[in-house]
Amino acid sequence: MESYNSFKVAQQQILEAAKILNLDEATIELLSWPQKEIKFTFPVKLDNGKVKIFHAYRIQYNTARGPAKGGIRFHPDETVDTIRALAGWMTWKTAVVDLPLGGGKGGVVCNPKLLSERELENLSRGYIRAIAQFIGVDTDIPAPDVYTNPQTMAWMMDEYETILHAHQPGVFTDKPQQIGGTEGRRDATARGGVITVREACKILDVDPAGKFAIQGFGNAGQRAALLHHELLGAGKLIAVSDSRGAIYNPDGFDSTELVQYKLKTGSVLNFHGSKPISHESLLELDVNILYPAALENAISSANANNIKAKIVCELANGPTTPEADLILSKKGIHVIPDILASAGGVTVSYFEMVQDKYSYFWDEDVVHKRLDQKLTKAYHRVYEAVKEKNVHPRLAAMVVGVARVAEACKLRGWV
Ligand code: GLU
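Numbering of residues starts from 1 in each chain and follows the order in which that chain's sequence is written. With the structure being a predicted model, the display of local features is reserved for residues of pLDDT at least 70 and the display and counting of side-chain atom pairs for 80 or more, all residues being used for whole-chain, interface and lining totals. Calculated side-chain values reflect all of the structure's heavy atoms, with hydrogen atoms and water omitted.

Overview of the sheet that holds strand 9 (residues 275-277)
Inference 1: In short, DSSP must find at least two bridges between two strands for them to pair. Helix and strand labels come from DSSP, where a helix needs a run of H or I of at least four residues and a strand needs a run of E of at least two; each type is numbered from the N terminus. Reading across from one edge, 9-8-7-6-10-11-12 is the order of the 7 strands in this open sheet, with mixed pairing throughout. With one partner strand each, in any of the chains shown, strand 9 and strand 12 (334-336) form the two edges of the open sheet. The average angle at which neighbouring strand axes cross in this sheet is 20°, direction not considered.
Inference 2: As paired elements, strand 7 (residues 236-242) and strand 8 (residues 245-248) share 4 bridges and run antiparallel to each other. To obtain each axis, a line is fitted to C-alpha atoms, and for helices this fit is confined to the stretch in contact; angles are then taken between N-to-C directions over 0 to 180 degrees.

Here's what the structure looks like:
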């Protein structure tokens, strides 16, 4: 497959939005690059007694609207450019849902599947020891991302508090609830995505009870499988995939059983009643709704022409390349772009920060209701921009997000 540089893609998206907004040169330059990049190495003691040096990043892309916010991923393919792109997307994502936050992202180049629990704890603590001085409740607030989870956040928070000699739970979000996490964070990304699908189905007159497929069956993909039925009242999940392969059943899977099976066996492969299919063909199935919930650049010019879904709801960050966006738009496929579709996670992260600040916690139904309000409002704001500017939804979402960040930079006198 053709390889894409995600940061180049992200910069191109900014440029397109900037043209529509008539931004000046200095603003474009400011928004096209991260404000701060921290690249570092740190040692970790392995179970075999040896020490391994890991390469890592934390990038604070833009803080005009508030402190940097975004996950930390543990993945072997991370580079400075993937983290830059992801940090930028977080900036537009928090702006699209109108949160008082900026954007950031971090990563450790590693294969977490080859590390033991104790090595993962050492890795998480080592990462924080190296960057503790650059993060904080009012400067930069990490969260989980690919292959990191609430346990990772618990270790990181503990390390950070040990260094500071102070209780500071709000510096990480999506923590376990027992130590300052919120209700409703674990399924928030998927819930936000399904809420946007609900709104899109109303506008486009698409039947939410039709077939759907999910590419990627990590936290977001699994929760989307369950919530699609719960929030939309129906739907038939006919295909899912994970890093080991893809499976298909034209009669539909029992989502609850499939999630349990994945948690038990570590993969969706060989689930009862399933037929294996290729990763490529999953994306090209005739479904009403397709949820890309894996990694960047899954839908490119190589396969966009074959996509048959009516709605593509991007739970992953950056799953569609700019060429593919144009192809999908020409085919009349409605893409709910990542910076909107996957914004539920960071929205509830923001709710967690607020609750941690006051040490007073909300009930689950309050979190769900406030998330629904934020995402519904953001979906319709982006849809208005689609009509106003006559552009595809990603460009519309970028226009909304970039305009808000540019305005904050201007008000601060930066440009
Ligand atoms: N990693 C998630 C994202 O990409 C959540 C970020 C956060 O909650 O800060 O949106």
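Considerations on the site of the ligand
Inference 1: Nearness is defined per residue: one heavy atom within 4 Å of the molecule or strand is enough. In the vicinity of the ligand, 14 residues are found, and the nearest of them are Lys69, Lys93, Pro144, Asp145 and Ser349.
Inference 2: A 3.5 Å cut-off defines polar contacts: any pair of N or O atoms within that distance qualifies, except that in protein one atom must be a possible hydrogen donor and the other a possible acceptor, and neighbouring residues in sequence count only when both atoms are side-chain atoms. Separating an oxygen atom of the ligand from a side-chain N or O atom of Lys93 is a distance of 2.7 Å.
Inference 3: Protein coverage of the free-state accessible area of the ligand, which is 290 Å², stands at 95%.
Inference 4: Every element with two or more residues in the shell around the ligand is listed here: strand 3 (68-74), helix 3 (80-96), strand 5 (140-144) and helix 12 (344-358).
Inference 5: Three categories are distinguished: nonpolar for Ala, Val, Leu, Ile, Met, Phe, Trp, Tyr, Cys and Pro, charged for Asp, Glu, Lys and Arg, and polar for the others, with Gly belonging to the last. Across the shell around the ligand, the residue classes break down as 4 nonpolar, 5 polar and 5 charged. All accessible areas in this document rest on Shrake-Rupley with a 1.4 Å probe, and a residue is counted as covered only by the protein chains that are shown.

So, the layout of surface pockets
Inference 1: Space inside the second largest pocket adds up to approximately 230 Å³.
Inference 2: Looking at the second largest pocket, it is lined by 14 residues, and the ones nearest its centre are Val137, Asp138, Met353, Val354 and Lys357.
Inference 3: When grouped by side-chain class, the residues that make up the lining of the second largest pocket number 8 nonpolar, 3 polar and 3 charged. The way it works is a 1 Å grid over only the protein atoms, where trapped points that fit a 1.4 Å probe form a cavity and open points with protein on both sides within 12 Å along at least five of seven lines form a pocket, and then any residue with an atom within 4 Å of a point lines it. Grid points are joined across faces, edges and corners, and a volume is the space filled by probe spheres set on the points.

Considering empty space enclosed by the protein
Take a probe with the size of a water molecule and roll it over the atoms, and the empty space left behind shows itself.
Inference 1: Applying the stated criterion to the full structure yields 1 cavity of 30 Å³ or more.
Inference 2: In this structure, the largest cavity encloses a volume near 30 Å³.
Inference 3: Every residue along the wall of the largest cavity is listed here: His334, Ile336, Pro337, Leu340, Tyr379, Val382, Tyr383 and Pro393.
Inference 4: For the lining of the largest cavity, the secondary structure elements donating two or more residues are strand 12 and helix 13 (364-389).
Inference 5: Top element by residues in the lining of the largest cavity is helix 13. It accounts for 3 residues.
Inference 6: Each residue belonging to the lining of the largest cavity can be placed in one class, and the counts come to 7 nonpolar, 1 polar and no charged.

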